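The primary structure of each chain is shown beneath.
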Amino acid sequence: MSPSRKDPLAHLATLVSPDEYLTPEKSESEYAAESKTWSAARNEHPAVVIRPQTIETLSSVIKYLHDTNLDYKVRSRGFGSASARDVVISMTAFDEFEWDAATQTVTLGAGANWGKYYVEMEKAAPKQMIVAGRTPSIGYGAVSDASNLQDAQLVLADGTITWASQHPDLFWALRGTEGGFAAVARFKFNAKPFPENGNIWGGPIMIPREKAPEVAKGIAAMCAREDTNPKVALFVYVLKKEILHFLGADQDMLVIHAYDAFGEEHGRKEFAWALDFEGAIDKTRSQMTMREMTDLQANLGELQGKQSAFWTAMAIATLTEDMVLSALDWWATDNAQNKHGSVADQGYLLFELFSCRDNLTSQASSAWPRPLGFKHMVLIGSGCSADAPDSDLREAKRLVRDVGPAKILGAESAKHMVAIPNAMEDFHDLKAIYGENLPRLQEIKKKYDPNNRIKGRILPA
Ligand SMILES: Cc1cc2nc3c(=O)[nH]c(=O)nc-3n(C[C@H](O)[C@H](O)[C@H](O)COP(=O)(O)OP(=O)(O)OC[C@H]3O[C@@H](n4cnc5c(N)ncnc54)[C@H](O)[C@@H]3O)c2cc1C
């Protein structure tokens, strides 16, 4: 056996500089930060974290790993809970931002988060925008539309450095999937004019939970409208009274998190149905930039790794009053009153309305073949404390896998897509997500990563 095979981790150390090779013994806090997962249960506590500084190092590491049995995974920000037993390749050093005014293109290092993008874009071209995430701390998820993602620099499973545009089949597979075909070093995105930046109105409007039936009517009415502009959106969640004591709340609150790029006057008309509720608490702000709007979500990142969590994100075309009420019932009865250890403290429910749309080019341009007309998402999450016993984990999983979707979607479930690529758990059905595209994705996986070294759920045909 060659020396490089005998002790592969030791050999790996020779391929990188000492500060690119992190172990718990050598650099505990940096190792922990670079391997943290959103769900504590998904952290496999890798033996080593490699944090390459250059694409050449990334390439030589992946090339070497290709011919070993080491279990490895590429990670950007860990909000999709990327982890591995032996080696995590943390991409956080790839965090550059580059604005090209001539081509209206933004190049982003694949290891940065959306927060960094918003800060830099506001400085470089405040009236331009790319389609980006709502949560500043997360990494770049499953970008799907061909008109948004222009190219990506890649390292293939055998270490080859290349660009996605040179491999149309691979590029197609990268659009809209959870990855697993190649390591991405940087993305090139097309920007679009966004003259309203700086005039955004939005933020939380809190409504006592006892008003749920009327709120459900308001949400359903908004979803049923054909004339809403894509620059108006909202998400809705529930907060327990225990964490609202600073407001003097004596009951749980429904939070309508409003967004209107056309400004305060327009927003107050669009959301009058929410603002006018008796007891509504208006925490909205006006004249915001997109950076300031997304900053309202900045604290979410602090929850990373604090709990073991599971989720199911259901993509839907329309949200009815019944669905809203069933979802609230799932949150209150199955989750908040759950008797399994810490499960009752961790559940959440999120309606993301107008967060999803048909491809602007064609359905075939993305590997995620969402049925035409999908516009909204119902996201249900359940979990338990990071050190909870397996029985709590099983219960949390059951709530989002079996109980929630059946209760919320009911007999209508065949018309909905249960789970989307950037919120996938091991129990979600790949066939239901990728449909007729799955066999083609498996062929592409076989061509570019036949031994599944860049671990992914889509396996080689
Ligand atoms: C609190 C929270 C809020 C969220 N909000 C939004 C939102 O507003 N909008 C939205 O679209 N999504 C949202 N998501 C979903 C999010 O987009 C996905 O979880 C996404 O995968 C997170 O990217 P990451 O880099 O942080 O994850 P990671 O865990 O680092 O990676 C996720 C997957 O991508 C792979 N991967 C990571 N980096 C690379 C790379 N450089 N090359 C190849 N493969 C790679 C990993 O191997 C893994 O399979 C949210 C998730 C959470 C937990």
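Remember, predicted model here, so these are calculated numbers, not experimental data.

A surface patch of negative charge is lined by E210, E214, D250 and E278. Looking at where E278 falls in the secondary structure, it is placed in the loop between α9 (272-275) and β15 (281-282).

Our next topic: the domain arrangement of the chain. When the domains of the chain are assigned, the result is domain 1 (3-90), domain 2 (97-194) and domain 3 (200-433). Together domain 2 and domain 3 conceal approximately 2,000 Å² of surface at their shared face, both sides included; 60% is due to carbon and sulfur atoms. A per-residue breakdown of the area domain 2 buries against domain 3 is headed by E122, R134 and F194, which together make up 30% of the total. Where domain 2 touches domain 3, the interface holds two salt bridges. Counting across the domain 2 and domain 3 interface gives six residue pairs in polar contact (both at pLDDT 80 or more). Within the residue set of the side of domain 2 that touches domain 3, elements represented by two or more residues are α5 (114-124) and α6 (168-174). Among the elements that line the side of domain 2 that touches domain 3, the one with the most residues is α5, at three residues. Tallied by class, the residues present in the side of domain 2 that touches domain 3 amount to nine nonpolar, seven polar and six charged.

Since the α-helix advances by 3.6 residues per turn, residues separated by three or four positions end up pointing in the same direction. Among the residues making up helix α3 (residues 28-35), those that are buried are Y31, E34 and S35. One side of α3 holds all its buried residues, which, seen down the axis, span an arc of 90°. Residues of α3 that are buried make contact with β1 (21-22), β2 (48-50), β3 (72-75) and β4 (87-90).

Lining the immediate environment of the ligand, one finds 25 residues, of which V74, S76, G78, T135 and V184 sit closest. One of the side-chain N or O atoms of S76 is found 2.7 Å from a nitrogen atom in the ligand. Contact between the ligand and F79: an oxygen atom at 2.9 Å from a main-chain N or O atom of the residue. When isolated, the ligand has an accessible area of 960 Å², and the protein chains bury 84% of it. Elements that contribute at least two residues to the shell around the ligand include exactly β3 and β10 (183-190). Ranked by the residues each element gives to the shell around the ligand, the list is headed by β3, at three residues.

This part takes up the sheet that holds β2. The sheet built from four strands is open, its strands ordered β1-β2-β4-β3 with mixed pairing. In this open sheet, the two edge strands, each paired with only one partner strand, are β1 and β3. Of the pairings in the sheet, the one linking β2 to β4 comprises three bridges and is parallel in character. Among the inter-strand pairings, V48 is bridged to a residue of β4, identified as V87.

Criteria and cut-off values
- Residues numbered from 1 in each chain as written.
- Predicted model: local features only at pLDDT ≥ 70, side-chain atom pairs only at ≥ 80, totals over all residues.
- Heavy atoms only, no water.
- Patch = residues over 30% accessible without salt bridge, like charges linked within 9 Å, V, L, I, M, F, W, Y side chains within 5 Å.
- Areas by Shrake-Rupley, 256 points an atom, 1.4 Å probe, with all protein chains shown as cover.
- Salt bridge = Lys/Arg side-chain N within 4 Å of Asp/Glu carboxyl O.
- Lys, Arg positive; Asp, Glu negative; His and termini not counted.
- Charge placed at Lys NZ, Arg CZ, Asp CG, Glu CD.
- Helix = DSSP H or I, 4+ residues; strand = E, 2+ residues; numbered from the N terminus.
- Domains from an automatic or database assignment.
- Buried area = accessible area lost by both parts, 1.4 Å probe.
- Polar contact = N/O pair within 3.5 Å; in protein donor to acceptor, adjacent residues only side chain to side chain.
- Nonpolar A, V, L, I, M, F, W, Y, C, P; charged D, E, K, R; others polar.
- Buried < 20%, exposed > 50% of the residue type's maximum accessible area, 1.4 Å probe, protein only.
- Arc of directions from axis to C-beta.
- Contact = heavy atoms within 4.5 Å.
- Near = heavy atom within 4 Å.
- Pairing = 2+ DSSP bridges.

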